[in-house]
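One-letter residues, chain by chain:
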Amino acid sequence: MSMKIVVDWDRCEANGVCMRVAPESFLLDEKDTLHVLNEQVTPELRAKVEKAVRDCPRQALSLSQSE
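Being a predicted model, the structure only gives us computed values, none of them experimental.

With respect to the pairing of strand E1 (residues 3–7)
On E1, burial follows the alternation: Met3, Ile5 and Val7 on one face are buried, whereas Lys4 and Val6 on the facing-out side are not. Sheet analysis places E1 next to strand E4 (residues 40–41), joined by two bridges and oriented antiparallel. Note that in E4 the partner of lysine 4 across the bridge is glutamine 40. In this structure, E1 lies alongside strand E5 (residues 61–65), joined through five bridges in antiparallel fashion. Each bridged residue has a counterpart across the sheet, and for methionine 3 the counterpart in E5 is glutamine 65.

Observations concerning helix H2 (residues 46–55)
Those residues of H2 not exposed but buried are Val49, Ala52 and Val53. The arc that holds every buried residue of H2, seen down its axis, measures 100°, which confines them to one face. Facing away from the buried surface of H2 by more than 90 degrees, the exposed residues are Ala47 and Arg54. Contacts made by the buried residues of H2 are with E1, helix H1 (17–21), strand E2 (26–28), E4 and E5.

Thoughts on the nonpolar core
Ranked by size, the top nonpolar core spans 18 residues in total, and within it Ile5, Cys18, Phe26, Leu34, Val49, Ala52 and Leu61 carry the most contacts. Looking at this core, the elements that each hand over two or more residues are E1, H1, E2 and H2. Leaving out residues up to four positions away in the same chain, leucine 34 has contacts with Val7, Trp9, Cys12, Ala14, Cys18, Phe26, Leu27 and Leu28.

So, empty space enclosed by the protein
According to the stated counting rule, one finds one cavity of 30 Å³ or more in the structure shown. Taken as a whole, the largest cavity holds about 90 Å³ of empty space. Lining the largest cavity are Cys12, Glu13, Ala14, Asn15, Gly16, Val17, Cys18, Leu34, Cys56, Arg58, Ala60 and Leu61.

Points about the pattern of salt bridges
Under the counting rule described, the total for this entry stands at five salt bridges. The partner of aspartate 8 in a salt bridge is arginine 11, and the shortest N-O contact between them spans 3.6 Å. For the salt bridge of glutamate 50 with arginine 46, the shortest nitrogen-to-oxygen distance reads 2.8 Å. Note that glutamate 50 and arginine 46 are positioned in helix H2 at a spacing of four residues, about one turn of the helix. Classification of glutamate 50 by relative accessible area gives partly exposed; the value is 27%.

What counts and what doesn't
Residues numbered from 1 in each chain as written. Predicted model: local features only at pLDDT ≥ 70, side-chain atom pairs only at ≥ 80, totals over all residues. Heavy atoms only, no water. Buried < 20%, exposed > 50% of the residue type's maximum accessible area, 1.4 Å probe, protein only. Helix = DSSP H or I, 4+ residues; strand = E, 2+ residues; numbered from the N terminus. Pairing = 2+ DSSP bridges. Arc of directions from axis to C-beta. Contact = heavy atoms within 4.5 Å. Core = buried A, V, L, I, M, F, W, Y, C linked by side-chain atoms within 4.5 Å. 1 Å grid on protein atoms, 1.4 Å probe; cavity = no way out; pocket = protein on both sides within 12 Å on 5 of 7 lines; lining within 4 Å. Points joined across faces, edges and corners; volume = space filled by probe spheres on them. Salt bridge = Lys/Arg side-chain N within 4 Å of Asp/Glu carboxyl O.

As structure tokens, then:
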């Protein structure tokens with residue numbers, strides 16, 4: 001089953017915790033704007049992305065099943 005990264009942009013403060021945990025999936029640019037590099041979570045990155053979701057201080061990240 002494929003998973004997709006979902007960002008609650010109203011909660012996201014772009015503090016960069018997700019980028020430090022899973023830099024393959026998240027990028028914080030020079031304007032402190034968060035970018036999801038690939039919203040589809042590969043099996044190889046799933047553990048890192050799940051940790052990023054858990055560690056987000058604003059609980060702005062979640063995973064959903066993708067079709």
